[in-house]
Amino acid sequence: MIRLLAYLWASPNTLLGLLLGLGGRHWRFREGAIEVAEAWLPRLLGRQIQAVTLGHVILARDAARLAKWRCHEHGHVRQYERWGPLFLPAYFGWAAYLMLRGRHPYRDHPLERQAGLPESR
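Please read these numbers as outputs of a predicted model, since none were measured by experiment. (Residues numbered from 1 in each chain as written. Predicted model: local features only at pLDDT ≥ 70, side-chain atom pairs only at ≥ 80, totals over all residues. Heavy atoms only, no water.)

**Description of the environment of Val57**
Logical step 1: Take Val57: it is sitting in strand β4 (residues 57-60).
Logical step 2: Considered as a pair, Val57 and Val36 are 21 residues apart in the sequence and their alpha carbons are 7.4 Å apart.
Logical step 3: If we skip the residues at most four places from it in the chain, Val57 touches Thr14, Gly17, Leu18, Ile34, Val36 and Val52. (Helix = DSSP H or I, 4+ residues; strand = E, 2+ residues; numbered from the N terminus. Contact = heavy atoms within 4.5 Å.)

Listed below in structure tokens is the structure:
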């Protein structure tokens, strides 16, 4: 029952991930999430973006980068299960706050570090 509630709580973001994953070439279900390799969104967002998680959907540039970032991205899946539809506003709000404080909005982000990204400072 708890797992079902976690999926429901994250479902608005998961739906967004499914829509943005359309056109991805390799879909699979692993560890409670849908992984899409060769997704267009990470490419659209720029060279430095290897993978993006939206709810229970992980969108990666390719299979090799998905393999490299899998643990980190699954950490974000667990965060979506806790934060639900509040995750994206919280994430971007925190990133804006960090930028205003002169810190890096990705490397210094507490949600990134919690998901397994090492601290930069």
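Now that the structure is up, let's keep going.
**Quick look at the pattern of salt bridges**
Logical step 1: For the coordinates displayed, the defined rule picks out six salt bridges.
Logical step 2: In this structure, Arg70 and Glu35 form a salt bridge, with 2.9 Å as the shortest nitrogen-oxygen distance. One end of the pair, Arg70, is in helix α3 (residues 63-83); the other, Glu35, is in strand β2 (residues 33-37), with 35 residues separating them in the sequence. Both residues of the pair, Arg70 and Glu35, count as buried.
Logical step 3: Of the charged contacts, one joins Arg65 and Asp62 as a salt bridge, the two residues approaching to 2.8 Å between their closest N and O atoms. (Salt bridge = Lys/Arg side-chain N within 4 Å of Asp/Glu carboxyl O. Buried < 20%, exposed > 50% of the residue type's maximum accessible area, 1.4 Å probe, protein only.)

**Describing the nonpolar core**
Logical step 1: Judged by nonpolar contacts, Ala10, Val36, Ala39, Leu41, Val52, Leu54, Val57, Leu59, Tyr80, Phe87, Tyr91 and Leu111 together constitute the single largest core of 12 residues.
Logical step 2: Sorting the residues of this core by element identifies β3 (51-54), β4 and α4 (87-100) as the ones contributing at least two each.
Logical step 3: Judged by nonpolar contacts, the second largest core, of seven residues, contains Ala33, Ala37, Ile58 and Ala60. (Core = buried A, V, L, I, M, F, W, Y, C linked by side-chain atoms within 4.5 Å.)

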